[in-house]
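Chain by chain, the residues run as shown.
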Amino acid sequence: MLELHEVSAAYGDLQVLREVSLNVQEGEVVALFGPNGHGKSTLLKVIAGLHAAHSGSIRFRGEEIRGLPAHQIVARGLAYIPEERHLFPDMTVQENLRLGAYNSRARSRIRENLELVFEIFPRLAERRNQLCSTLSGGESRMVAIARGLMSAASLLLVDEPSIGLSPALKGAVFEAIGRINREAGITVLIVEQEIQHALALCHRYYLMKKGQILFERAVSEADIREIERAYF
Amino acid sequence: MDRFLNAIASGVISGSLYAIMALGLSIIYGVSRVFNFAHGVIALLGGYLTWMFLSRFGLGLLPSMLLALPLLFLAGWLLYHATIRSLLRKPNWEFSTVLFLLGLGILLENVLLQLFGPRVKAIPPFVPFDPTTGLGTLRIGPIITTWHDVLLVVVVVAAVLLLNAFLKWSWTGQAMRAVAASVPGALAVGIDIQRVFALTFALAFLTTGFSGVLLGTKYYMTPHVGWEWMVKGFVIVTFGGLGSTTGAIYAAAILGIVEGLVSLYLAPIWVWPVWFAIFLIILLLRPQGIAGGRL
Amino acid sequence: MSNDRKLGSKKLTWRTIALGILLVFVLLYPLVGGQRNPYMLHLFTLFFIWSIVASNWNLLMGYAGVSSLGNIGFLAIGGYVSGILAKMYGISPWLTIPIGGIATCAVVTLLLGLPALRLKGIYIALLTLIFADSLPSVLTQTREVTGGAMGLHDIPPFFPGAEKIHTYYLCLAAFLVVQYILYRVVHSRTGLAFVALRDAEAFATSLGVSFYRERLKVFALSSFLTGIAGGFYVHTLGDISPTTLGIEPFLLAIAMIELGGVGTFFGPILGSAIIVFGNEFLRVADILRLTLLGAIICTIILFFPGGLMQLLERVETWVRRRTARQPVRG
């Protein structure tokens, strides 16, 4: 579904991604591990069209999307859920979610997507008329993920959804992502530091260090020590 | 007491005109963070174009506005894509846009001067009034006003409600509010930021031009009066809180009334110094204004 | 390798030679014929004064990144103070000019510099704009002393019997001294601090650069020197009025900086030369003057944001590339 071939990107003179190649099959959850600051977030941003890749190819459903503006990438079914969430603070939860369905494909499915979202995140249903600025950290994370769902995306790019959350909330977030994948059939590429949780969720994972993919494993061959070693 | 009430009434009227005038400035800043230093001349443009269709082409007031205002909408959209867009890409956009719009404002003001001359123009009021014969005046208790003024307030209220409804209920309006709240958030939900910026400029120019027409029915228009309107607009949006349209409306009402009271109790000549003083006080003591706009 | 070094020093010598020639020209001009053309002497004198204004505005806006729209006000305060003291109290301009500078520095640092410490970007632009915009009202209120809307006239010259050639050299001296000061500041640690705070504030403060101190410094210095220029202005021209605070001088000054190149050292000097001498051509177009000025400013900002200095750099690079293709001669 998503194919990256030798994608490179830089911030000014600083090379951040070096010929990264990876792929995500439809229906999978693929995790991306690696030390902080080594390009994982940048990779997601590049795929989402928020940062330019100066070489390589990014194909989504066979179509080349490198170089497309961000809004066209969302329109094609790829939603990016940033770590910083970037919600609209003076709008209610419901308004934020509805805006998630801004792209034309999603507008006709607002009602059913809202139902799906409130089913997976019942807490949000309770808070639907609350301003986002009044939400807790965990709740705003959920709104961010839910908002991505509202875009009727077939592939979610999720950047560290559990960071800064309490263990209970972390579990809830991962459970939600798992349900999204299994019940709604949405493919997920997730960047995470919570290795155990992510391994319980994903089908395959990659390890990225210094802007390069070091290795790829199926979850059945998961080797925690190998992962930990790569972090040092 | 009567004079006090009349001063308040006239303050409400001018306040409502100020409100519609300041909205365009507020919208552009709120969504794109560009401060429109050509704001005054855009209002004048609306007034002068309408006047031109009225006087030189002999059309009625409504047809003239229906011709002039879409032109302003288009002008805003074009200006954004042709110039502002490229300025925003560079790191020093904050003051390159200020200087560019300042230069543009002077340019347009002098073009208006060339085309229309320095003499005063006025747009005929919706309901003609004549103070000597009492034609068109309206008495509400102790308050003496004119039908035209009352209509002005009604029109402004209607326009503000319309704008609010647009911003709250339409997809484009919500997109504008989204971009104003968080550009990365707007990108995440698939909003085309450039399109929203362009539409914002277009809508703001339309609103500002419209306010110019209204102002032109009540006050004199010369190419130079745009600067004065603009400075008042600056005070209003700062007082209200940069980026907040609600704040701007409250600020306009308050400042309109203050202006009326100052005129009554001090003297009209004190009006300008009071505007300046208020501006200075806000900037020095509470720059984020009433509604706590971004600092 | 030696070719590079030669080319490197060649560029430096090229510029230094050009500067040297201009300097000699400007020093000798009145003596070798300038006397016959008092109008040109006058223009040169205006250029010296305005380039001080432009260079200091550029220090504040270009180097320190402060969006100030009110520097003409600095000129006016310095000019009015010096003019009033000299005219009403008979104090010698040698004293009143520095006093004017100090007064300007005090007023600006207190009214603008201090508040600017807490304000960002657009708010500073608005504050400085309203400062300059409100000065004419202040002048009108104090009309017994300042002459109000009519302005201050018959301001005594630098010394009794001063002629155009004396004024020329005095302003030239001021110009050279101020530009030297600015040059040293820009190339000092302070100058570096200004630029660092402009480009990467968080990083600079984390390195120990004091935002407050540097901001106040740049306001104080640019206002002091511009106030001094104001003093030179009034004693050269003999009068000053609220029109100096009008839109035209403001646009002219902005044009000087933008045309030359914001944030460069020689840009404002180049720009002010072109504007002062070119203004005469604009005068021909009389009624269209402001339209043209506005159009020039818009065009420069859109298409030549780096001004003439950037253009010159590009030409230099082009020339260097072409001469580098020449075979190295033994």
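Our subject is the structure listed above.
Residues numbered from 1 in each chain as written. Chains lettered and ligands numbered in written order. Predicted model: local features only at pLDDT ≥ 70, side-chain atom pairs only at ≥ 80, totals over all residues. Heavy atoms only, no water.

1. Quick look at the packing of helix H4 (residues 93-116) of chain C against helix H10 (residues 211-237) of chain C
For any two helices packed against each other, one specifies the crossing angle of their axes together with the interaxial distance. All names here are of chain C. Threshold: Simply put, an axis is a line fit to the C-alpha atoms, just over the touching stretch for a helix, and the angle between two N-to-C directions goes from 0 to 180 degrees. Strands here are runs of E lasting at least two residues and helices are runs of H or I lasting at least four, both read from the DSSP assignment and numbered beginning at the N terminus. Handedness of each helix crossing follows the sense of rotation of the near helix against the far helix: counterclockwise by less than a right angle gives left-handed, clockwise gives right-handed. Amino acids outside the nonpolar list (Ala, Val, Leu, Ile, Met, Phe, Trp, Tyr, Cys, Pro) and the charged list (Asp, Glu, Lys, Arg) are all regarded as polar, and Gly is one of them.
At a closest axis distance of 7 Å, the pairing of H4 and H10 adopts a crossing angle of 145°. Our pair here, H4 against H10, has a crossing hand that is right-handed. A breakdown of the residues in the contact of H4 with H10 according to their chemical character gives 15 nonpolar, nine polar and one charged.

2. Remarks on the interface of chain B and chain C
Here is the rule: Contacts were defined at the residue level, with two residues in contact if any of their heavy atoms lie within 4.5 Å. Buried surface area refers to the total accessible area, computed with a probe of radius 1.4 Å, that the two partners give up upon joining, counted for both partners together. By definition here, a salt bridge exists when the distance from a side-chain nitrogen of Lys or Arg to a carboxyl oxygen of Asp or Glu is within 4 Å.
Contact residues are listed per partner, giving 35 residues for chain B and 36 residues for chain C. Across the chain B to chain C interface the summed buried area is about 3,200 Å²; carbon plus sulfur atoms make up 80%. Between the two partners, chain B and chain C, sit zero salt bridges. Mapped onto the side of chain B that touches chain C, the elements with two or more residues apiece are helix H3 (61-88), helix H4 (93-116), helix H9 (225-240) and helix H11 (271-285) of chain B. The biggest single contributor to the side of chain B that touches chain C is H4(B), with 14 residues.

3. Points about the pattern of salt bridges
Heads up, the rule is: Remark: exposure states derive from per-residue accessible area (1.4 Å probe, protein chains only) relative to the maximum for the residue type, with buried under 20%, exposed over 50%, and partly exposed in between.
Scanning the model with the defined rule gives 21 salt bridges over all chains in all. Taking the shortest distance from any N to any O, the salt bridge between A:Glu95 and B:Arg177 comes out at 3.5 Å. Taken together, the residues A:Glu95 in helix H3 (residues 93-100) and B:Arg177 in helix H6 (residues 171-181) connect one chain to another. What makes A:Glu95 buried here is its relative accessible area of 16%. Residue A:Arg179 is joined to A:Glu183 by a salt bridge in which the shortest nitrogen-to-oxygen separation is 3.0 Å.

4. Observations regarding the side chain of B:Ser32
All names here are of chain B. The following threshold applies: Think of a polar contact as two N or O atoms within 3.5 Å of one another; within protein, one of them needs to be a possible hydrogen donor and the other a possible acceptor, and neighboring residues in sequence only count if both atoms come from side chains.
Within the secondary structure, Ser32 sits in helix H1 (residues 2-32). Separated by 2.8 Å, the side chain of Ser32 and the backbone oxygen of Ile28 make a polar contact. Leave out the neighbours within four places in its chain, and Ser32 touches Phe197 and Phe201.

5. A look at the packing of helix H11 (residues 247-260) of chain C against helix H13 (residues 289-303) of chain C
Residue and element names in this part refer to chain C. Inclusion rule: Geometric relationships in this document are graded by angle, where less than 35 degrees denotes roughly parallel, more than 145 denotes roughly antiparallel, 65 to 115 denotes roughly perpendicular, and other angles denote oblique.
Following both chains from N to C, one finds H11 and H13 inclined at 30°, their axes separated by 10 Å at the closest point. By the angle class used here, H11 and H13 are roughly parallel. The chirality of how H11 crosses H13 is left-handed. On H13, the residues touching Ile247, Glu248, Leu251, Leu252, Ile254, Ala255, Glu258 and Leu259 of H11 are Arg289, Leu290, Leu293, Ile297, Ile300 and Ile301. Class assignment of the residues belonging to the contact of H11 with H13 gives a composition of 11 nonpolar, no polar and three charged.

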